[in-house]
Amino acid sequence: MDFTTRYCGLTLKNPLIASASPLTAELASAQQLEAAGIGALILPSLFEEAVQADPQQLPSYLDRIRRYKDALSIPVIGSLNGITEGGWLEQAAQLEQSGCDALELNIYYIAASVQESSDNIERRYIDLVYKLRSHIGIPVSVKLTHQFSSIAHLVKRLEDTGIDGVVLFNRFYLPDIDLDTLTITPTLHLSTSDEALLRIRWIAILREQVKLSLAATGGFHEPADILKALLVGADAVQLCSVLFQRGVDEVGRLLRGMEEWMQTKGYASVDDVRGKMSYGHLADPSAYERSNYISVIERNS
Ligand SMILES: Cc1cc2nc3c(=O)[nH]c(=O)nc-3n(C[C@H](O)[C@H](O)[C@H](O)COP(=O)(O)O)c2cc1C
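Predicted, not measured: the structure shown is a model, and the values here were computed from it.

Structural notes on the overall build of the chain
When its secondary structure is counted, the chain shows 12 helices and 13 strands. Since a compact globule built from 301 residues should have a radius of gyration of about 19 Å, the 19 Å found for the chain is in line with a globular shape. Looking at the chain as a whole, 51% of its 301 residues are labelled buried. Considering only residue pairs separated by 6 or more positions, the chain has 69% of its internal contacts joining residues 24 or more positions apart.

Focus: the site of the ligand
Neighbouring the ligand are 20 residues; A20, S45, N106, S191 and S241 lie closest to it. Note that a nitrogen atom of the ligand is positioned 2.6 Å from one of the side-chain N or O atoms of S45. A distance of 2.7 Å is found between an oxygen atom of the ligand and a backbone nitrogen or oxygen belonging to G219. In isolation the ligand has 610 Å² of accessible area, and contact with the protein removes 91% of it. Here the shell around the ligand is built from residues that sort into 9 nonpolar, 9 polar and 2 charged.

Here we look at a nonpolar patch on the surface
Residues I177, L179, L182 and I184 make up a contiguous nonpolar surface patch of roughly 500 Å² in combined accessible area. Structurally, L182 is set in the loop between β10 (175-178) and β11 (183-186). A relative accessible area of 66% means that L182 is categorised as exposed.

Details of the pattern of salt bridges
In total, this model carries 16 salt bridges according to the counting rule given. The salt bridge partner of R171 is E195, with a shortest N-O separation of 2.8 Å. Of this pair, R171 sits in the loop between β9 (165-168) and β10 while E195 is found in the loop between β11 and α7 (196-206), placing the two residues 24 residues apart along the sequence. On the basis of relative accessibility, which here comes to 17%, the residue R171 falls in the buried class. Residues joined in a network through salt bridges with shared partners are R207, D235, D271 and R274.

Some points on the nonpolar core
Formed by 83 residues in total, the largest nonpolar core has its most connected members in L16, L95, L144 and L239. Of all the elements, α7 adds the most residues to this core, at 7 residues. Ignoring sequence-local partners within four residues, the contact set of L16 consists of I38, G39, A40, I226, V237, L239, V251, L254, L255 and M258. Among the nonpolar cores identified, the runner-up in size contains 13 residues, and L12, I42, I77 and A102 belong to it.

Things to note about the state of the cysteines
Chemically, a disulfide is nothing more than a covalent bond linking the sulfur atoms of two cysteines. Using the criterion set out here, one finds 0 disulfides in the structure. With no disulfide partner, C8 has as its closest neighbouring cysteine sulfur the one in C100, 12 Å distant.

Here's the deal with the packing of helix α8 (residues 223-231) against helix α10 (residues 250-265)
At a minimum axis separation of 9 Å, α8 and α10 run at an interaxial angle of 60°. As summarised for this structure, α8 and α10 are arranged oblique, according to the angle between their axes. In this structure, α8 crosses over α10, and the sense of that crossing is right-handed. In contact with P223, I226, L227, L230 and L231 of α8, α10 contributes R253, L254, G257, M258, W261 and M262. Its residues placed into classes, the contact of α8 with α10 shows 9 nonpolar, 1 polar and 1 charged.

Brief notes about the packing of aromatic side chains
Tallied over the entire structure, the rule returns 2 aromatic pairs. Aromatic side chains Y125 and F148 sit 5.4 Å apart centroid to centroid with 85° between the ring planes, which places their arrangement in the edge-to-face category. Here Y125, found in helix α5 (residues 118-135), pairs with F148, found in the loop between β8 (140-144) and α6 (151-160); they are 23 residues apart in sequence, far enough to count as distant. Just as Y125 is buried, F148 falls in that class too.

A few points about α5
Between its terminal C-alpha atoms α5 stretches 26 Å, which fits the 26 Å expected from 18 residues at 1.5 Å a residue. All of the buried residues along α5 are I121, E122, Y125, I126, L128, V129, L132 and R133. The arc enclosing the buried residues of α5, seen along the axis, measures out at 165°, which places them on a common side. Summarising the contacts, the buried residues of α5 are in contact with α4 (88-97), β7 (102-106), β8 and α6.

Here's the deal with the pairing of β11
The pairing of β10 with β11 spans 4 bridges and is classified as antiparallel. Its bridge partner being in β11, D176 is matched across the sheet by T185.

A few points about helix α3 (residues 57-71)
One turn of an α-helix holds 3.6 residues; hence residues three or four places apart share an orientation. Taking 1.5 Å per residue as the helical rise, α3 with its 15 residues ought to reach 21 Å, and the 21 Å between its terminal C-alpha atoms agrees with that figure. Considered for burial, the residues of α3 that qualify are L58, Y61, L62, R64, I65 and Y68. End-on, the buried residues of α3 take up no more than an arc of 155°, which puts them together on one face. In this structure, the buried side of α3 is in contact with α1 (27-36), β4 (40-42), β5 (46-47), α2 (48-53), β6 (76-81) and α4.

Scoring rules and cut-offs
Residues numbered from 1 in each chain as written. Predicted model: local features only at pLDDT ≥ 70, side-chain atom pairs only at ≥ 80, totals over all residues. Heavy atoms only, no water. Helix = DSSP H or I, 4+ residues; strand = E, 2+ residues; numbered from the N terminus. Rg over C-alpha atoms; globule rule 2.2 N^0.38 Å. Buried < 20%, exposed > 50% of the residue type's maximum accessible area, 1.4 Å probe, protein only. Contact = heavy atoms within 4.5 Å. Near = heavy atom within 4 Å. Polar contact = N/O pair within 3.5 Å; in protein donor to acceptor, adjacent residues only side chain to side chain. Areas by Shrake-Rupley, 256 points an atom, 1.4 Å probe, with all protein chains shown as cover. Nonpolar A, V, L, I, M, F, W, Y, C, P; charged D, E, K, R; others polar. Patch = residues over 30% accessible without salt bridge, like charges linked within 9 Å, V, L, I, M, F, W, Y side chains within 5 Å. Salt bridge = Lys/Arg side-chain N within 4 Å of Asp/Glu carboxyl O. Core = buried A, V, L, I, M, F, W, Y, C linked by side-chain atoms within 4.5 Å. Disulfide = S-S within 2.5 Å. Axes fitted to C-alpha atoms, helices over the stretch in contact; angles between N-to-C directions. Parallel < 35°, antiparallel > 145°, perpendicular 65-115°, else oblique. Left-handed = near helix turned anticlockwise from the far one by under 90°. Phe/Tyr/Trp six-rings, centres within 6.5 Å; stacked < 30°, edge-to-face > 60°. Expected span 1.5 Å × (residues − 1). Arc of directions from axis to C-beta. Pairing = 2+ DSSP bridges.

Here is the structure:
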């Protein structure tokens, strides 16, 4: 089976990427992921606040990239997480020099002010990404949340900055309230497959409207989840919760499950599968839109 995939200008041996998390933080686990068959990995994010608090974080991140590049043959993608231009441009240039194959930007921003318009927020994203894009030469992708009023328009504007891909969608970690201590406690729930459908729907809608690479993240646990993302046009699928829950060897099971289905259907490569069920390929594209919502409600009432 030919799993070869192009993602953000990189050639991957398959479309599965270990997303940014502590699972990729140590060389030993990165090597396990490579041995399990992962196509690429993304380092945990270098957080803007962490570098401000401790400038040593940057050199140690750069050192990690160099060690990974020496020890691994799969692409190694760096990740920056922040909301302001600040040191980003300089950090991005240093990440590039340390040899990482691409850079993923995670603009984690909660638009909590009633004074701030959506246009302002989006413009800030675009300005930041545009500056960064012109500052470095390696492929750049942006990891987005789904909390925008027009995801499609934003993705198009991001594409126009010259970036190579978008990653859909970030999950927010929600603060909870401890009723005993009356304190706010951060919660971290791992995902389930249910979350994959939101990503699948948006990739289906976007596929024919933009040319940049589309990666899915959030809720990809089963071969079926991954195959659906490929069918609607995803170039790559990022894995995180499933690897925490079942271990890194899960990569092999996922690839085998994908291969089995592809063989049954007579597909010889992921390129044959990719995009077969994107919006533009469907006889009834409304399946991804409002009329489908109405018919689901009517059927269940
Ligand atoms: C413990 C943990 C740490 C994470 N750290 C990062 C991070 O540093 N940067 C980032 O962009 N995403 C981070 N993520 C988000 C994951 O990369 C991924 O996008 C998200 O968990 C959704 O995928 P999943 O459903 O496969 O878990 C983290 C997730 C978890 C569970």
